[in-house]
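Residues per chain are reported as follows:
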Amino acid sequence: MAPGGGRRWALASLLLAAVAGLLLAAAPAQASFHFMKIREVHTGGASGGSYVELQMWAGGQNFVSGHPIVVYNPNGTVAHTFTFSGNVANGDNQATILVAGTGYATAFPSGPTPDAVDADLNLSSAGGAVCFTAAEPPDCVSWGNFTGAASLPSATGTPASPGGVTAGKALHRSIAAPCATMLEPGDDTNNSAADFSEQTPNPRANASAIVETPCPSLPNTTIGTKPSNPTKSTSASFTFTATPSTGASFECKLDAEPSFTACTSPKEYTGLSETTHTFEVRAVNSAGPDPSPASHQWRVDLTAPTATILTQPPDPSPGNSVKFTYSANEGGSSFQCSLELVGEADSFSSCPLMGKTYSGLTDGEYTFKVQAKDLAGNEGTPDSFSWEVDNSLNDITAPETTIVGSPPNPSTSPNASFAYSSNEAGSTFECKLDGGAFVGCDPEGVTYFGLANGPHSFQVRARDSIGNLDATPAGYSWDVAVPAFEPPPILPPPLPEFASAVSPTPPQTILTAKPGAVTRDRTPTFRF
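A brief look at the structure comes next. (Residues numbered from 1 in each chain as written. Predicted model: local features only at pLDDT ≥ 70, side-chain atom pairs only at ≥ 80, totals over all residues. Heavy atoms only, no water.)

Description of the pattern of salt bridges
At step 1: For the coordinates displayed, the defined rule picks out 12 salt bridges.
At step 2: Between Glu212 and Arg39 there is a salt bridge, and its shortest N-O distance comes to 3.1 Å. With Glu212 in the loop between strand S10 (196-199) and strand S11 (220-223) and Arg39 in strand S1 (residues 36-42), this pair connects stretches of sequence that are 173 residues apart. No difference in accessibility class separates Glu212 from Arg39, as the two residues are buried.
At step 3: Residue Glu430 pairs with Arg463 through a salt bridge whose shortest N-O separation is 3.2 Å. Highlighted residues: Glu430 in strand S29 (residues 428-433) and Arg463 in strand S32 (residues 454-463), separated in sequence by 33 residues. (Salt bridge = Lys/Arg side-chain N within 4 Å of Asp/Glu carboxyl O. Helix = DSSP H or I, 4+ residues; strand = E, 2+ residues; numbered from the N terminus. Buried < 20%, exposed > 50% of the residue type's maximum accessible area, 1.4 Å probe, protein only.)

Here's what the structure looks like:
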């Protein structure tokens with residue numbers, strides 16, 4: 001709220017209250033005789049104690065001085081007019097004003113003293129009409145053989161007591177709607193036969209006690225006990241209350257029933273079908289029925305839900321952590337699970353919506369079961385899964401791979417053989433040459449043929465029986481250098497046995513000196 005807004009609002013409220021107070025204070029003077037109706041008429045002629053009783057249906061209507069009550073003959077002509085010469089004291093809502101003829105005191109010796117006496121008031125039991133013309137609108141009642149409706153200032157419809165008013169009876173206005181305890185505008189339908197009935201005379205003067213009680217407010221209905229929604233029960237019980245509770249009764253309606261019928265709390269229903277139902281209840285008091293009945297809608301569900309296992313552990317699997325997930329074909333369902341060794345009795349208990357995890361299971365054959373329970377309480381047939389728990393599968397350590405045999409580096413052979421091993425018995429192997437992919441290879445070893453000259457690489461990795469794979473394969477690199485091919489040398493044919501094996505030239509004679517010989521010249525002498 002803006003600064004100063006609270007002060008302005010408070011000032012405006014005070015001004016409105018002051019204006020309202022002035023209007024309320026002025027109301028009786030402005031509407032001092034308008035809100036009146038004829039409540040009771042007693043016929044029987046002047047000596048029979050004729051009287052007309054007016055009743056206020058709002059406070060402050062006691063200023064009647066100078067206003068007339070007009071009596072009409074059966075044909076609608078004015079028979080007599082009485083004019084109030086003064087006001088009355090009591091202007092409370094529902095107060096009455098009694099105008100009586102001279103025979104009233106004789107006919108009702110113990111009755112209340114009239115507020116005004118009209119010596120000429122003579123109402124015929126056979127037929128006639130009376131109007132209080134100052135009311136807004138004017139209020140009239142006709143009875144017996146009256147036929148002059150067209151001349152009246154207000155419609156009266158069919159006359160009351162068409163055969164004439166029974167001796168000793170009075171015409172009394174019925175109070176029915178909208179409030180059965182107080183006179184209100186709605187109690188006038190402008191049809192005398194509907195609004196008035198014959199009753200024992202009960203004259204009330206302005207000083208008489210007001211016997212009408214304030215109209216209760218329309219009731220508000222509240223449902224207490226009711227079936228859950230949904231439910232698997234084909235019976236339903238309802239309890240309900242009303243505020244205010246005094247004078248309240250109840251009316252109930254189920255599903256497509258055409259109308260509300262009287263009922264009491266508790267209200268029971270049996271044999272309900274499997275469908276959605278709607279119950280309505282309304283309280284009724286003298287002010288009328290609850291305009292907004294209390295209601296409850298619920299569904300009878302007799303169909304059990306179906307549970308389905310979505311994921312489960314591999315078979316076999318280790319028992320250190322085993323998880324199941326599941327679902328149901330009905331939204332809002334809860335679950336119950338059972339895990340037992342095969343052959344043992346089920347033991348169901350509540351389990352989470354998002355799945356169930358078990359840990360620390362020992363070796364053995366197990367059966368897991370899950371069943372769904374819907375919001376109505378229906379329990380379905382369990383779904384199940386059986387598998388083997390083998391805790392040896394808990395090994396998560398990868399094996400170590402070792403190359404134990406390989407070609408020399410460099411190698412002059414185009415072929416290469418490898419041998420390898422794992423530190424875990426029962427391992428399998430995968431091998432890879434150069435830039436190829438890992439492929440399974442024989443645990444005893446592998447040989448590659450026809451390798452080209454140049455560098456080569458080999459890798460091998462082990463996988464244990466659990467499936468753990470060596471993440472760091474063993475490797476070996478080497479060069480292949482196969483020498484180029486050279487033709488053998490061409491050799492000469494073999495020599496004879498006497499021939500020199502050194503030279504193919506003819507033999508030469510070599511002279512040797514004879515020891516001790518003397519020559520005549522300087523040329524030595526040789527012998528052969």
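Considerations on the packing of aromatic side chains
At step 1: Applying the stated rule across the entire model yields 28 aromatic pairs.
At step 2: For the ring pair Phe35 and Trp57, a centre distance of 4.7 Å and an interplane angle of 45 degrees mean the geometry is tilted. Taken together, the residues span a long stretch of sequence, with Phe35 in the loop between helix H1 (5-30) and S1 and Trp57 in the loop between strand S2 (51-56) and strand S3 (68-72) at a distance of 22 residues.
At step 3: We classify Phe35 as partly exposed; its relative accessible area is 27%.
At step 4: With centroids separated by 5.9 Å and ring planes inclined at 70 degrees, the aromatic side chains of Tyr269 and Phe279 adopt a geometry described as edge-to-face. Highlighted residues: Tyr269 in strand S16 (residues 267-269) and Phe279 in strand S17 (residues 276-285), separated in sequence by 10 residues. Across the pair, exposure class does not vary: Tyr269 and Phe279 are buried alike. (Phe/Tyr/Trp six-rings, centres within 6.5 Å; stacked < 30°, edge-to-face > 60°.)

Let's talk about unusual backbone geometry
At step 1: Put simply, Thr243 and Pro244 share a cis peptide bond, and its omega is -5 degrees.
At step 2: Looking at where Pro244 falls in the secondary structure, it is placed in the loop between strand S13 (240-243) and strand S14 (249-254).
At step 3: We note that Ser161 has phi near 45 degrees; this positive angle belongs to a residue other than glycine.
At step 4: Tracing the backbone through its elements, the reader meets Ser161 in the loop between strand S8 (139-144) and strand S9 (170-173).
At step 5: For Asn190, which is not glycine, the phi dihedral falls at a positive 65 degrees.
At step 6: Considering the arrangement of structural elements, one finds Asn190 in the loop between S9 and helix H3 (192-195).

Some details on the pairing of S9
At step 1: Neither face of S9 is open: one carries Ala170 and His172, the other Leu171 and Arg173, and all of them are buried.
At step 2: Looking at chain direction, S1 and S9 are connected through 2 bridges and run antiparallel. The residue bridging Val41 from the neighbouring strand is Leu171, located in S9.
At step 3: Pairing of S9 with S10 involves 4 bridges; the strand directions are antiparallel. Across the sheet, Leu171 pairs through a bridge with Glu198, a residue of S10. (Pairing = 2+ DSSP bridges.)

A short note on the nonpolar core
At step 1: Counting residues in each nonpolar core, the largest one holds 28 residues, and the members touching the most others are Leu54 and Phe84.
At step 2: Listed by contribution, the elements that provide at least two residues to this core are S1, S2, S3, strand S5 (96-100), strand S7 (127-132) and S8.
At step 3: In this view, Leu54 contacts Met36, Lys37, Ile38, Arg39, Ile69, Phe84, Ala95, Thr96, Ile97 and Phe132; residues no more than four positions away in its chain are not counted.
At step 4: Formed by 18 residues, the second largest nonpolar core is a distinct cluster that contains Ala307, Cys351, Ala372 and Val389. (Core = buried A, V, L, I, M, F, W, Y, C linked by side-chain atoms within 4.5 Å. Contact = heavy atoms within 4.5 Å.)

That is the geometry; function is a separate question.
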